[in-house]
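Spelled out, the chains give:
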Amino acid sequence: MTDPTYSNTLLARLFDRAKQHTNDRRRAAYVRYINAGLEVLGKERVYLVGSTGENLNLRLPSDRGDADFLLVSGRLEVPVANIEYRLNTPLYLWIRGKGLDMRYCGRLVDDTHLSADMLRTIHPMLFTMIRALCTIVTAPLQFVPGRYLIHTCIGMPSRVGIAFTEFRQVKIEDTDSLRMGPNAEKIRQEEVEAKLKRRQNSVKMKDKDAKLFKRVQKMASFSKTPSTRGEHHGRNVFLATMIDEALRRNSGVIQSEGACNSEMETIFQDVSDEHDNEFIGKVKATYDDIAGKDFVPALRIDGKLSCIEEFCRRVQSAKWPPRNVVNDIDNKCEFFIIARDAPFNPSKEKDFCLSFNLAEIMLNQNLPPTAKRVYILMKAYLKGIFKKTFDSIGRFNPIKSYYMKTSIFWTCEIYANELCWNETSEHSILDAVQIVLRFLLGCIKAKKLRHYFTESNLFDGVADLDLEIAGACIYEIQAGPFEKVQDFFDVEREHKREVLLDHEAARRILSLQRDGGRRECLNRLDDSFIDMARAFNDASCDPSGDSIVKEIVLRVADTLFEEQKQRASAKKADKSGHRISVLGKTSNKCVGQRDLSKPKLKQAPLTKLFNNFVTNDGAVSHGSGEASQRLGDLLAVGSLFPVGRDFINNIGGEKGAKNVLEQVDAQESDSEDRLRNTVERYLTCKDEEEPTVAMELKQMIAAYFLANDDEFM
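All of the points below concern the structure found in this document. This is a predicted model, so every value here is computed, not measured. (Residues numbered from 1 in each chain as written. Predicted model: local features only at pLDDT ≥ 70, side-chain atom pairs only at ≥ 80, totals over all residues. Heavy atoms only, no water.)

For the rest of this paragraph, the subject is the packing of helix 11 (residues 357-365) against helix 13 (residues 401-414). Helix 13 packs onto helix 11 with a crossing angle of 60° between their chain directions and a minimal axis gap of 11 Å. What the angle tells us is that helix 11 and helix 13 run oblique. The hand of the helix 11/helix 13 crossing is left-handed. Within the contact between the two elements, helix 11 uses Glu360, Leu363 and Asn364 and helix 13 uses Tyr402, Lys405 and Phe409. Partitioning the contact of helix 11 with helix 13 into residue classes produces three nonpolar, one polar and two charged. (Axes fitted to C-alpha atoms, helices over the stretch in contact; angles between N-to-C directions. Helix = DSSP H or I, 4+ residues; strand = E, 2+ residues; numbered from the N terminus. Parallel < 35°, antiparallel > 145°, perpendicular 65-115°, else oblique. Left-handed = near helix turned anticlockwise from the far one by under 90°. Contact = heavy atoms within 4.5 Å. Nonpolar A, V, L, I, M, F, W, Y, C, P; charged D, E, K, R; others polar.)

Three or four residues apart is the spacing at which side chains of an α-helix point the same way, because the helix has 3.6 residues per turn. With 24 residues, helix 12 (residues 369-392) extends 35 Å from end C-alpha to end C-alpha; this agrees with the ideal 34 Å at 1.5 Å per step. In the structure, helix 12 departs most strongly from a straight axis at Phe386, where the bend amounts to approximately 35°. Once helix 12 finishes, Gly394 follows within two positions and takes phi at roughly 70°, a positive value. (Expected span 1.5 Å × (residues − 1). Bend = angle between axes of the 7 residues up to and from the residue.)

Counting residues in each nonpolar core, the largest one holds 167 residues, and the members touching the most others are Phe386 and Phe536. Of all the elements, helix 12 adds the most residues to this core, at twelve residues. Residues in contact with Phe386, not counting those within four places in the same chain, are Tyr381, Asn397, Ile399, Met404, Ala470, Cys473, Ile474 and Ile477. (Core = buried A, V, L, I, M, F, W, Y, C linked by side-chain atoms within 4.5 Å. Buried < 20%, exposed > 50% of the residue type's maximum accessible area, 1.4 Å probe, protein only.)

A complete count under the given rule lists 16 aromatic pairs for this structure. Look at Tyr403 and Phe459: their rings are 5.6 Å apart centre to centre, the planes differ by 80°, and that puts the pair in the edge-to-face class. In this pair, Tyr403 sits in helix 13 while Phe459 sits in the loop between helix 14 (426-446) and helix 15 (464-479), placing the two residues 56 residues apart along the sequence. Note on accessibility: Tyr403 and Phe459 belong to one class, buried. A centroid spacing of 5.0 Å and a plane angle of 75° characterise the contact between Trp410 and Tyr452, whose relative ring orientation is edge-to-face. Residue Trp410 is found in helix 13, and its partner Tyr452 is found in the loop between helix 14 and helix 15; the two are separated by 42 residues along the sequence. Since its relative accessible area comes to 9%, Trp410 is described here as buried. In this structure an aromatic cluster arises from ring pairing among Phe311, Trp320, Phe335, Phe356, Phe409, Trp410, Tyr452 and Phe453. (Phe/Tyr/Trp six-rings, centres within 6.5 Å; stacked < 30°, edge-to-face > 60°.)

The next point concerns the sheet that holds strand 8 (residues 171-172). Sheet strands pair by backbone hydrogen bonding; their relative direction is either parallel or antiparallel. Spatial ordering of the open sheet is given by 8-9-13, a layout of three strands whose pairing is antiparallel. Across the chains shown, the open sheet's two edge strands, defined by having one partner strand only, are strand 8 and strand 13 (498-502). Where strand 9 (residues 282-286) lies against strand 13, five bridges are found, and the strand directions are antiparallel. Looking at the pairing, Lys284 lines up with Leu500 of strand 13. In the packing of helix 17 (residues 503-515) onto the sheet, contacts are made with strand 8, strand 9 and strand 13, and the angle to strand 13 comes to roughly 105°. (Pairing = 2+ DSSP bridges.)

Once that is clear, we can look at the environment of Asp351. Mapped onto the elements of the fold, Asp351 is located in the loop between strand 11 (336-339) and strand 12 (352-355). Apart from residues no more than four positions distant in its own chain, Asp351 is found in contact with Arg86, Leu93, Trp94, Ala116, Ala339, Arg340, Asp341, Ala342 and Pro346. Side-chain polar atoms of Asp351 contact the backbone nitrogen of Ser347, separated by 2.8 Å. (Polar contact = N/O pair within 3.5 Å; in protein donor to acceptor, adjacent residues only side chain to side chain.)

Coordinates in, geometry out; function isn't part of it.
Following this line, the structure appears as structure tokens:
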């Protein structure tokens, strides 16, 4: 019998790997800010879904995590009457075009059904502002942030949208097969820029929007401030620099009209035949670590799905899901359609798939305490014993974490009376794991795992041999569920940090070595500005006559600042509670032990700034008083460093830097309100006042973010 202490240690290590990361919180915040702006424009939305949206991730150390973003079009909705379900697999469907707005339908397949290709990329026919943002976010880049590791980012097509990958220290082993003609890249860029000019000439932005949009672009370039926040800062500074350069070449403000159709012409190739072709050769690349984002275009469904009505009837008397959750799924939840081939007799031209992401997030957020831990365990089995077993016989593992999640939903509903679900002891977790394993094994034997919301069989398309192998893995796990967690850590230790890339992806990475992606990034910025202009033009006019750009900026700023206030307030309350709890304890310290009743002094922002300029990573500490006395030295030394020199010049030289430092040390509780008011004043000031207000705003932004650097996610 296994030592209980050993099992406890394994579980503790595993659950520690599943904790929410800073990147997860940051991505969720970005989605909230983006949606705040999108609400002003119309019905486009972005949702963080999958394991990151559910806060149930499990990562390897070399994997900084994947995030799935659902991108919902605001132009075209699909009535339930237009849905034609595939026979025997109602999770998959075709969409009849009859009665839909043909401006947003494109070419119909057989003059009847919508083409699935319209959702395999972020098409300008369906997306405006979201397309603009994704064009920027998925730009191929290569840069070296403060940690001196080369970061390489590329966006490539996936089967359901765009997959964006960021590598640290990526190296391609075989470059001979990737050689192109000496002028191939130059010709490609010239073709891109010719299309870009045609597209620019097809859109006219309203004068009031164009004026404020240019000011907003300048605001983005204000964000070049010194920081110790590694790769995130490096990417942000690169993009801010590109926006600055785009302004200097007079990009982004479109003021003429031409013959090109900006709704249909796409400039950057997001769909690659090579990506889906398994017979085209791959090249191996190694890396230090990797992170990914999947962007999945989707259409909103208009009306109530019959499968959701059936679901509500089925769980009417069940103890799980909770009644309030069922009501929310029935009355408040949105459902979507994405492009995905059916497992049997696929019709690549017109196959779509239902998406229940938001309903599944609701269910996951309301799982019993033990069920969440069981889900992490099931993921560990997939990445451990399942991977080892399938790899050992040279087969791809078709069993997905989605199958595990579905099994947990079913067992929570069917076996809701089991006491183990609501306790978190090791014994309860063991009982719950065995319930899920028995259920999954029964499904494997029956070769059928029903989708939680529809009659579709998730095992459709899974080979019998693969189901047999999966069953053997489950038998092995049942003999020692906790001991089998060790396989996850064994795989982690043996994990090879390598990936197979198709030739197009590898060529894109190699092309970045020439200029870090600057030329393409500038072109993508110009293309995104066109889509932003289309978004502004589509939006309803503000009754007050103000530019829609102003409303978007202020709505996003309000969301950001309100969250920062809440975060600062919560942090202050935590510190206060900790101080009270420490003071309430009886002192029993040894000689030389620090007195915990005395709070550790927080390094003053001015000292942080000194460290940022001089040491790059804040490793050397100076007293607040000494740093204040050496303010002149700070500015002199800071100007010797490229980041420091650029920053000082950007905020008005020595006088501006001193003003920023004074504001940093004088940050008050109303700093968000004052900054927000200055943003509004900058957007509405007269042209002759703009330089003065712009400099004031630059200094306030720099002071605010420097003072609150440790508050931001």
